[in-house]
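Next come the chains, spelled out residue by residue.
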Amino acid sequence: MKRRTVKKLDFTGIELDYSNLANELNELDWNAIDEAPWKAEYPYTPQAKFQIAYDQNGIYLHYDIDEEFVKGEFIRPNENIWEDSCVEFFVSFDGRKTYYNLEFNVLGTGLIGYGTAEKSSRNRLSAEEILTVDAISQIKTVNGRKNWKQILIIPFSLFGLTIADIEGKTIAANFYKCGDGLPNPHFLAWNNIENSKPNFHLPEFFGEIIF
């Protein structure tokens, strides 16, 4: 099982601009989202990696993606985000009993659900709650190579928590890259999943992040 220590940073007074935030995160290690549990059926594996940090108010995720096609169709919260160029963060604060799934496409459109791994128990957060997550994206095509980057700022309040509930704790989480509706669908994970069919909703295969 993979583990990652999450560093605390101070973003006080930093303008919510991609370059400024990326510069603040510059010294952090990158983590590869490079496990391809279903590679036999879905052989395409884009390059995907992330950085993670936190401050007094929330979690900062920085994704860097190289892929052959970039698709951003869905524009409203809780639409079919996973069909676009999509990054996902699943996190459990109660020992894997329940978890949140945060899914964002290249446009910064989000879907967030909560509940147990039993899909009938899961509920979507409201559009108002999802929009409390700031998403700053950058996309470019240079010499035919497409790259997009995204920084998500996820307030602890989204989870009904404060920094006191997080700091010093080890929390179960996994990070994903997918694109079900792209010409070459793909399903990549940070911590590997052992399952016969693509399924990210398996908290027993989450790794650990230590605040």
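Just so it is clear, the structure is predicted and the values come from calculations on it, not from any experiment. (Residues numbered from 1 in each chain as written. Predicted model: local features only at pLDDT ≥ 70, side-chain atom pairs only at ≥ 80, totals over all residues. Heavy atoms only, no water.)

Now for the pairing of strand β11 (residues 145-155). Taking burial as the measure, the 11 residues of β11 include 9 buried ones, the bulk of the element. As paired strands, strand β10 (residues 134-142) and β11 are joined by 9 bridges and run antiparallel to one another. Across the sheet, the residue bridging to Thr141 is Lys146, located in β11. Between the end of β10 and the start of β11, which pair antiparallel, lie 2 residues, with Asn143 showing a positive phi angle near 55°. (Buried < 20%, exposed > 50% of the residue type's maximum accessible area, 1.4 Å probe, protein only. Helix = DSSP H or I, 4+ residues; strand = E, 2+ residues; numbered from the N terminus. Pairing = 2+ DSSP bridges.)

Time to look at the packing of aromatic side chains. In total, this model carries 19 aromatic pairs according to the counting rule given. For the ring pair Tyr54 and Phe211, a centre distance of 5.2 Å and an interplane angle of 75° mean the geometry is edge-to-face. Taken together, the residues span a long stretch of sequence, with Tyr54 in strand β4 (residues 47-54) and Phe211 in the segment after β14 (207-210) at a distance of 157 residues. Side by side, Tyr54 and Phe211 carry an identical accessibility label, which is buried. Aromatic pair Tyr176 and Phe200: ring centres 3.9 Å apart, planes at 5°, arrangement stacked. Placement of the pair is Tyr176 in strand β12 (residues 170-178) and Phe200 in the loop between β13 (187-189) and β14, with a sequence separation of 24 residues. Among the aromatic residues, those joined into a cluster by ring pairs are Trp38, Tyr42, Phe90, Tyr99, Tyr176, Phe187, Phe200 and Phe206. Seen from the ring of Trp30, Lys49 lies directly overhead, with NZ or CZ sitting 4.8 Å from the centre. (Phe/Tyr/Trp six-rings, centres within 6.5 Å; stacked < 30°, edge-to-face > 60°. Lys NZ or Arg CZ within 6 Å of the ring centre and 35° of its normal.)

The next point concerns the nonpolar core. One finds Tyr63, Phe89, Leu102, Ile154, Phe175 and Ile209 to be the most contacted residues of the largest nonpolar core, which totals 37 residues. Where this core is concerned, the elements lending two or more residues are β4, β5 (58-66), β6 (86-92), β7 (99-105), β11, α3 (163-166) and β12. Setting aside residues no more than four positions away along its own chain, Leu102 makes contact with Val87, Glu88, Phe89, Phe90, Val91, Leu111, Ile112, Ile154, Leu158 and Phe159. In this structure, Ile81, Tyr99, Ala189 and Leu202 belong to the second largest nonpolar core, which totals 17 residues. (Core = buried A, V, L, I, M, F, W, Y, C linked by side-chain atoms within 4.5 Å. Contact = heavy atoms within 4.5 Å.)

Its place among the elements puts Glu208 in strand β14. Accessibility expressed as a relative area gives 17% for Glu208, which makes it buried. Setting aside anything within four residues of it in sequence, one finds Glu208 in contact with Met1, Lys2, Arg3, Arg4, Arg96, Thr170, Ile171, Ala173 and Trp190.

Phi at Arg96 is positive, roughly 75°, even though this residue is not glycine. Examined against the element boundaries, Arg96 turns out to sit in the loop between β6 and β7. Assessed through its relative accessible area of 25%, Arg96 is described here as partly exposed. In this model, Asn143 sits at a positive phi of 55°, which is unusual for a non-glycine residue. Among the structural elements, Asn143 can be located in the loop between β10 and β11.

Moving on: the environment of Gly58. You can see Gly58 is positioned in strand β5. Judged by relative accessible area, Gly58 falls into the buried class, the value being 2%. Once residues lying within four places of it in the same chain are set aside, the contact partners of Gly58 are Ala53, Ile154, Pro155 and Phe156.

A word on the pattern of salt bridges. All told, the structure shown has 11 salt bridges when counted by the stated rule. Linking Asp64 and Lys149 is a salt bridge whose minimum nitrogen-to-oxygen distance equals 3.8 Å. Of this pair, Asp64 sits in strand β5 while Lys149 is found in strand β11, placing the two residues 85 residues apart along the sequence. On the basis of relative accessible area, Lys149 is assigned to the buried category, the value being 13%. (Salt bridge = Lys/Arg side-chain N within 4 Å of Asp/Glu carboxyl O.)

Another point: the side chain of Asn101. By the element assignment, Asn101 lies in strand β7. Among the residues examined, Asn101 registers a relative accessible area of 4% and is labelled buried. Engagement of the side chain of Asn101 in a polar contact is seen with the side chain of Glu103, the distance being 2.8 Å. Within polar-contact distance, the side chain of Asn101 engages the side chain of Arg122 at 2.6 Å. Non-local contacts of Asn101, meaning those with residues more than four positions away in its chain, are made with Phe89, Phe90, Leu111, Ile112, Gly113, Tyr114, Arg122 and His201. (Polar contact = N/O pair within 3.5 Å; in protein donor to acceptor, adjacent residues only side chain to side chain.)

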